[in-house]
Amino acid sequence: MLNRHARGFFTALFSPLARWLLRIGVSPDAVTIVGTLGVVVGALVFYPLGQLWWGTLFITAFIFSDVIDGIMARMQKSGGRWGNFLDSTLDRVADGALFAGVAVWFFTGGANPPIAIAAVVCLVLGMVVSYARAKAEALGFQANVGIAERAERLVSVLVVTGFTGLGLPTVVLFVTLCLLAAASLVTVIQRIIAVHRQSLEETEGTATEQAA
């Protein structure tokens, strides 16, 4: 939902910056890499130190690189398969670091194992959500369905984690992570069902052609 409705707004917002970066010789790939490094540092340095608010602000400053690099690639007409591969791969690195950072803090100084475990579950299921789509597309199917895509997961965990650092009760973060885990699991199931349906249609189509 966020992907559909926010894309136009953020494209208009960041287009001047994207145009300026291209003008000074910065490539979309460089923006992708720097943005990922920023997210990883914020998640694996600030969060494990218990700096949830400042870590979230730091991560937010870099998270929009995922929008900017896409705008730059479209302006430059240089997206292609390489850019798509790099962006998708580094997205997984950033997502993993984000949930890992939350888990590390609550396994240690945060002293709240249920939240840490919920974060680990979100990490694993988030990776499966992404893998299911990637594998489906590699096999020629479509699996762009589900109620918990990347934008929704990131916005939810960043907002609630940040406010937890300002004193929001930790139970809110726990509930949020549990809901994210449940939504991710539903998304995995939705994608499995979608691919299975397409596989059956393909098999039926092949059988019909052979019979004819």
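You'll find the structure just up there.
None of the values given here were measured: they were computed from a predicted structure. (Residues numbered from 1 in each chain as written. Predicted model: local features only at pLDDT ≥ 70, side-chain atom pairs only at ≥ 80, totals over all residues. Heavy atoms only, no water.)

From N to C terminus, the protein chain includes eight helices and zero strands. Its helices and strands in sequence order give the protein chain the pattern α-α-α-α-α-α-α-α, from N to C terminus. Reported as C-alpha extents along the three principal axes, the dimensions of the protein chain are approximately 70 × 45 × 25 Å. With 212 residues in all, the protein chain has 38% of them scored as buried. For the protein chain, the share of sequence-separated contacts (at least 6 apart) that also reach a separation of at least 24 residues comes to 76%. As displayed, the protein chain offers around 11600 Å² of accessible surface, 69% of which is attributable to carbon and sulfur atoms. Placing the 14 positive and 13 negative side-chain charges of the protein chain at their respective mean positions leaves the two points 7 Å apart. (Helix = DSSP H or I, 4+ residues; strand = E, 2+ residues; numbered from the N terminus. Buried < 20%, exposed > 50% of the residue type's maximum accessible area, 1.4 Å probe, protein only. Contact = heavy atoms within 4.5 Å. Areas by Shrake-Rupley, 256 points an atom, 1.4 Å probe, with all protein chains shown as cover. Lys, Arg positive; Asp, Glu negative; His and termini not counted. Charge placed at Lys NZ, Arg CZ, Asp CG, Glu CD.)

Here we take up the pattern of salt bridges. Applying the stated criterion to the full structure yields five salt bridges. A salt bridge links Arg 92 to Asp 95, with the shortest nitrogen-to-oxygen separation between them at 3.7 Å. You can see Arg 92 and its partner Asp 95 sitting in helix H5 (residues 80–107), three residues apart, about one turn around the helix. Overall, the relative accessible area of 7% leaves Asp 95 in the buried class. Here the salt bridges share partners, and the residues they tie into one network are Asp 66, Asp 91, Arg 92, Asp 95 and Arg 150. (Salt bridge = Lys/Arg side-chain N within 4 Å of Asp/Glu carboxyl O.)

All told, the structure shown has five aromatic pairs when counted by the stated rule. On the basis of an interplanar angle of 45° and a centroid distance of 5.1 Å, the ring pair of Phe 58 and Phe 62 is categorised as tilted. Of the two residues, Phe 58 and Phe 62 are both situated in helix H3 (residues 52–63); the distance of four residues between them amounts to about one turn of the helix. Overall, the relative accessible area of 28% leaves Phe 58 in the partly exposed class. In textbook terms, an aromatic cluster arises when at least three aromatic residues are bridged by ring pairs, as seen for Phe 46, Phe 58 and Phe 62. (Phe/Tyr/Trp six-rings, centres within 6.5 Å; stacked < 30°, edge-to-face > 60°.)

Keep in mind that these numbers describe shape and distance, not what the molecule does.
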